[in-house]
Amino acid sequence: MQGFPEHRVAGRLTAMKLLMLGGTEFVGRAVTEEALARGWAVTVFHRGHHEPPPGVCVLHGDRATADGLAALATGEWDAVLDTWSGAPSAVRDAARLLAGRAGQYIYVSSRSVYGYPTPAGLGEDAPLVDGSPDAGEVGYAESKRGGELAAAASFGDRALLVRAGLILGPGENIGRLPWWLGRTARGGPVLAPGPRDLGVQYIDVRDLARWTLDAAERGLGGPYNLVSPPGHTTMGELLDACVRVTGSGAELRWTDPEVILAAGIEPWMDLPVWLPPGEAHDTMHGGDVTKALAAGLRCRPAADTVADTWTWLQGLGGVAPQRPDRPRVGLDPETEAKVLGG
């Protein structure tokens, strides 16, 4: 199956057929919704724990079981999209099964596949962690690298490796931006980790979905760092937007990193998104995205991501869903008050 060229008729693309492995939460759901909005025919293969968006064809299976891919024994698709972050062998098995019946395999990987620390400004040719497509349960970085190798082993240059950075936006089930919105909504003095102009690099989940499906239509392959350009926003802009959209009148008290670290507060986990200047910040918030920008990446303003996430949260009563395999994030009020001298 050659895939994409056969869908170009008189200079226009006809409806694509997409197989979503997952597709019911956050990244997978955003991609599914974007594909449906384009008029694509979408099949969602999932375990049945959450309802997929209306308008898809549903197949059920559990990739963690011996016969979990049975529902995928037949069928052809122009593209497969896989967000799996567990054992790479699950990606291997799916890719092998679908190699002759799908035009492209899109694997949503992570910039965590790069060796740590990664100096700011390195692109897709930066050193990578070791990984194996045959591995079972391993660490997150090794899992994503093994998944990349598994996709490439079966699909070659028809494997698109989307190396996403920090992902924010409506539907987030990790809790990073929802925590900041919830904290500022409570009002009062807020421990704001400085410096205020510290750059933050992330990708809105909807921009990820849009770029990825554009890339699928064009038949792109190989690795792409997918995150906003360095300096797209700052901690100051992000938290100012949280205060503004919640209308709480919260007071951001900007605090030096040294004070925060001395109090035993853990960057990233206690204060989501934030990493103090240094190796960790350069690794997470200093990636080069020249290749993705040249391939059409466009990132909406941070204010839009914050506002739309707040609107989504309000529709849920202010409580975001939480992935059971990820720890909760956020600083406890007692520690915050102590640092602020309250």
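Being a predicted model, the structure only gives us computed values, none of them experimental.

Participant: Before we go on, may I ask you to explain the packing of helix H4 (residues 176-186) against helix H10 (residues 302-315) in this structure?
Facilitator: A pair of packed helices is captured by two measures, namely the crossing angle of their axes and the spacing between those axes. Taken N-terminus to C-terminus, the directions of H4 and H10 make an angle of 80°; their axes are 10 Å apart at the nearest point. Judged on the interaxial angle alone, H10 and H4 are roughly perpendicular. Residue-level inspection shows Leu 177, Pro 178, Leu 181 and Ala 185 of H4 in contact with H10, the latter providing Thr 305, Val 306, Thr 309, Trp 310, Trp 312 and Leu 313. Of the residues contributing to the contact of H4 with H10, the split by class is eight nonpolar, two polar and no charged.

Participant: Even after reading the chapter, I still don't get the packing of aromatic side chains, so can you show me in this structure?
Facilitator: In this description, a pair of aromatic rings is defined by centroid distance and the angle of the planes. Tallied over the entire structure, the rule returns three aromatic pairs. A centroid spacing of 5.2 Å and a plane angle of 45° characterise the contact between Tyr 105 and Phe 155, whose relative ring orientation is tilted. Taken together, the residues span a long stretch of sequence, with Tyr 105 in strand S7 (residues 105-110) and Phe 155 in helix H3 (residues 140-155) at a distance of 50 residues. The same class applies to Tyr 105 as to Phe 155, namely buried. Summarising the aromatic geometry, the rings of Trp 211 and Tyr 224 are spaced 5.1 Å apart at their centres and angled 55° between planes, so their arrangement reads as tilted. Highlighted residues: Trp 211 in helix H5 (residues 205-218) and Tyr 224 in strand S13 (residues 222-226), separated in sequence by 13 residues.

Participant: Explain helix H1 (residues 26-37) to me, please; I cannot follow it from the model alone.
Facilitator: Count 3.6 residues to each turn of an α-helix, and residues three or four apart come out pointing the same way. Across its twelve residues, H1 extends 16 Å between first and last C-alpha, which sits within 8% of the 16 Å expected from 1.5 Å per residue. Of the residues making up H1, those classed as buried are Phe 26, Val 27, Gly 28, Ala 30, Val 31, Thr 32 and Ala 35. Buried positions along H1 lie against strand S3 (17-21), strand S4 (41-46), strand S6 (79-82), S7, strand S9 (166-168) and H5. Following H1 by one or two positions, Gly 39 adopts a phi angle in the positive range, close to 85°.

Participant: I tried to follow the side chain of Arg 183 on my own but got confused; where do I start?
Facilitator: When you line up the elements, Arg 183 lands in helix H4. What makes Arg 183 buried here is its relative accessible area of 5%. A polar contact is formed between the side chain of Arg 183 and the backbone oxygen of Gly 187, at a distance of 3.0 Å. Reaching out from Arg 183, the side chain makes a polar contact with the backbone oxygen of Pro 189 at a distance of 2.6 Å. Setting aside residues up to four positions removed in sequence, Arg 183 forms contacts with Gly 188, Pro 189, Val 190 and Glu 336.

Participant: How do you make sense of the environment of Trp 179 when you look at a structure like this?
Facilitator: Residue position: Trp 179 is located in helix H4. Residues Trp 179 and Ala 120, spaced 59 residues apart in sequence, show a C-alpha to C-alpha distance of 27 Å.

What counts as what
- Residues numbered from 1 in each chain as written.
- Predicted model: local features only at pLDDT ≥ 70, side-chain atom pairs only at ≥ 80, totals over all residues.
- Heavy atoms only, no water.
- Axes fitted to C-alpha atoms, helices over the stretch in contact; angles between N-to-C directions.
- Helix = DSSP H or I, 4+ residues; strand = E, 2+ residues; numbered from the N terminus.
- Parallel < 35°, antiparallel > 145°, perpendicular 65-115°, else oblique.
- Contact = heavy atoms within 4.5 Å.
- Nonpolar A, V, L, I, M, F, W, Y, C, P; charged D, E, K, R; others polar.
- Phe/Tyr/Trp six-rings, centres within 6.5 Å; stacked < 30°, edge-to-face > 60°.
- Buried < 20%, exposed > 50% of the residue type's maximum accessible area, 1.4 Å probe, protein only.
- Expected span 1.5 Å × (residues − 1).
- Polar contact = N/O pair within 3.5 Å; in protein donor to acceptor, adjacent residues only side chain to side chain.

Remember, this is a structural readout, not a statement about activity or role.
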